[in-house]
Amino acid sequence: MSCISESSHLNKFLRHRYLNLPQGDFCLVTYVWIDSCGVDLYSKTRTMDCEPKILADVPEWDVGLETEESSSEMLLNHVRMFRDPFFLDPNKLILCEVLKHTREPAEWNHRNRCNTLMEKVKDLHPWFGMEQEYTLLGVDGHPYSWPRLGFPKPQGTLRKPLRN
């Protein structure tokens with residue numbers, strides 16, 4: 001079974017030409033948030049008349065979300081702004097948290113609760129870390145640089161433990 005991504009079949013020259021089309025003063029602003037299950041990322045993009053210089057230049061945005069319990073309108077509250085590595089400058093990525101229409105955090109908004117706790121103890125300089133692991137696959141779907149038959153056999157002889 002082959003695991004070749006669809007993007008590997010795209011013409012890179014056409015992508016390059018598309019990304020280099022003149023935008024004028026317009027800027028694509030992509031809002032990114034975590035869904036109600038806490039697993040998937042969602043995004044939606046708006047075109048702004050000029051490049052936002054600070055986060056306050058980016059408007060909040062309503063979004064309709066469906067959870068297991070109900071369907072409702074939520075508010076995307078911008079938290080951080082980054083240069084867009086996909087559509088390049090002057091475009092921006094906006095990381096958001098989800099708020100209810102009453103401006104209270106949504107039930108699955110763990111970022112808000114974490115931020116509240118971290119602000120209370122910031123004088124203690126707490127550390128917060130995340131770990132993520134990756135597996136790079138070759139075009140045949142096999143892990144890159146991994147032996148075909150599992151772990152390689154040890155070279156030479158193994159020493160016996162010393163006895164007292």
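You'll find the protein entered in an unreviewed UniProt entry as Glutamine synthetase-like isoform X2, with Danio rerio given as the organism.

Asker: I'd love a proper account of the overall build of the protein, names of residues and values included.
Answerer: Of the regular secondary structure elements, the protein holds two helices and five strands. Ordered by position from the N terminus, the helices and strands of the protein form the series α-β-β-β-β-β-α. For the protein, the residues scored as buried account for 21% of the 164 residues in total. Restricting the contact set of the protein to residue pairs at least 6 apart, pairs at least 24 apart contribute 38%.

Asker: How would you sum up the side chain of Asn77? Please name residues and give values.
Answerer: Inspection of the secondary structure assignment puts Asn77 in strand 4 (residues 71–83). In contact with Asn77, other than residues within four places in its own chain, are Glu60, Leu95, Cys96, Glu97, Leu99 and Arg103.

Asker: Got a sec to walk through the environment of Asn112? Specific residues and values, please.
Answerer: Secondary-structure assignment places Asn112 in helix 2 (residues 110–120). The exposure class assigned to Asn112 is partly exposed, which follows from its relative accessible area of 22%. Placed 13 residues apart in sequence, Asn112 and Leu99 show a C-alpha to C-alpha distance of 9.5 Å. Sequence-distant contacts of Asn112, defined by excluding residues within four places in its chain, comprise Glu97 and Pro105.

Asker: I'd like a rundown of the environment of Leu28, residues and numbers included.
Answerer: Counting through the fold element by element, Leu28 comes out in strand 1 (residues 27–34). By relative accessible area, which is 24% here, Leu28 ends up partly exposed. With residues up to four places along the chain from it excluded, the contact list for Leu28 reads Gln23, Thr45, Arg46, Thr47, Asn91 and Lys92.

Asker: Before we move on, could you go through the pairing of strand 1 and cite the residues and values that matter?
Answerer: Across the eight residues of strand 1, six count as buried, placing the element largely inside the fold. In this antiparallel pair of consecutive strands, strand 1 and strand 2 (residues 41–48), the connection spans six residues, and Gly38 shows a positive phi of 80 degrees. Pairing between strand 1 and strand 5 (residues 92–100): four bridges, direction parallel. Across the sheet, residue Tyr31 finds its bridge partner in strand 5, namely Ile94.

Calculation criteria
Residues numbered from 1 in each chain as written. Predicted model: local features only at pLDDT ≥ 70, side-chain atom pairs only at ≥ 80, totals over all residues. Heavy atoms only, no water. Helix = DSSP H or I, 4+ residues; strand = E, 2+ residues; numbered from the N terminus. Buried < 20%, exposed > 50% of the residue type's maximum accessible area, 1.4 Å probe, protein only. Contact = heavy atoms within 4.5 Å. Pairing = 2+ DSSP bridges.

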